Amino acid sequence: MTQLVVFLLLMHFAIAFQCYRSAQFKGYPVRVFTVLGLVPYFNLVVWIYLLFLPELEPYENHNHHNKQLL
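Residues numbered from 1 in each chain as written. Predicted model: local features only at pLDDT ≥ 70, side-chain atom pairs only at ≥ 80, totals over all residues. Heavy atoms only, no water.

> Help me understand the side chain of Lys-26 in this model?
Tracing the backbone through its elements, the reader meets Lys-26 in helix H1 (residues 2-26). Lacking a salt bridge, the buried Lys-26 has Glu-55 as its closest oppositely charged neighbour, with an N-O distance of 6.4 Å. A distance of 3.1 Å separates a polar atom in the side chain of Lys-26 from the backbone oxygen of Leu-51. Every residue in contact with Lys-26, bar those within four places of it in the chain, is listed here: Leu-50, Leu-51, Phe-52, Leu-53, Pro-54, Glu-55 and Leu-56. (Helix = DSSP H or I, 4+ residues; strand = E, 2+ residues; numbered from the N terminus. Buried < 20%, exposed > 50% of the residue type's maximum accessible area, 1.4 Å probe, protein only. Lys, Arg positive; Asp, Glu negative; His and termini not counted. Salt bridge = Lys/Arg side-chain N within 4 Å of Asp/Glu carboxyl O. Polar contact = N/O pair within 3.5 Å; in protein donor to acceptor, adjacent residues only side chain to side chain. Contact = heavy atoms within 4.5 Å.)

Here you go:
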């Protein structure tokens, strides 16, 4: 029984770490998604959500795309 609990805890923290890495890579708030990734049974939903979120572009890139050519 203790092996099962240890395994579930390891999986729980591994998913939380993946949420942290995905949020950091894509540019989303790392603390928010890490805390949400630590919520039991909700962490899988957060992880899948992060997999399908697009990467955020820096604000400077938006200014260059919106300029009109003369």
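> Sorry if this is basic, but what is going on with helix H3 (residues 43-52) here?
Turning to H3, its buried residues number three or more, namely Asn-43, Val-46 and Leu-50. Projection of H3 onto a plane perpendicular to its axis shows the buried side chains occupying an angular sector of 60 degrees, all on one side. Those residues of H3 hidden inside the fold are in contact with H1 and helix H2 (30-37). (Arc of directions from axis to C-beta.)

> Help me understand H1 in this model?
The periodicity of an α-helix, 3.6 residues per turn, causes residues three or four places apart in sequence to face the same way. Here H1 contains 25 residues, and its C-alpha end-to-end distance of 36 Å stays within 8% of the 36 Å for a straight helix at 1.5 Å per residue. Residues His-12, Ile-15, Ala-16, Cys-19, Ser-22, Ala-23 and Lys-26 constitute the buried set of H1. Here the buried face of H1 lies against H2 and H3. Remark: Gly-27 follows H1 within two positions and exhibits a positive phi of approximately 90 degrees. (Expected span 1.5 Å × (residues − 1).)

> Just checking my understanding: could you explain the environment of Leu-44 for this structure?
Structurally, the position occupied by Leu-44 is in helix H3. Separated by 32 residues in sequence, Leu-44 and His-12 place their C-alpha atoms 9.0 Å apart.

> So what exactly am I meant to see when it comes to the nonpolar core here?
When a protein is soluble and globular, its nonpolar side chains tend to lie buried together. Ranked by size, the top nonpolar core spans 8 residues in total: Ile-15, Cys-19, Ala-23, Tyr-28, Phe-33, Val-46, Leu-50 and Leu-53. Only H1 and H3 provide two or more residues apiece to this core. Element by element, the count of residues in this core is highest for H1, at 3 residues. Among all residues touching Leu-50, those that are not within four sequence positions of it are Cys-19, Ser-22, Ala-23, Lys-26 and Phe-33. (Core = buried A, V, L, I, M, F, W, Y, C linked by side-chain atoms within 4.5 Å.)

> When you look at the packing of aromatic side chains in this model, what are you seeing that I'm missing?
For any pair of aromatic rings, geometry is given as the distance between the ring centres together with the angle between the planes. Counted according to the given criterion, the structure contains 2 aromatic pairs. Judged by centre distance (6.0 Å) and plane angle (75 degrees), the ring pair of Tyr-28 and Phe-33 falls under edge-to-face. One exposure class covers both Tyr-28 and Phe-33, and it is buried. (Phe/Tyr/Trp six-rings, centres within 6.5 Å; stacked < 30°, edge-to-face > 60°.)

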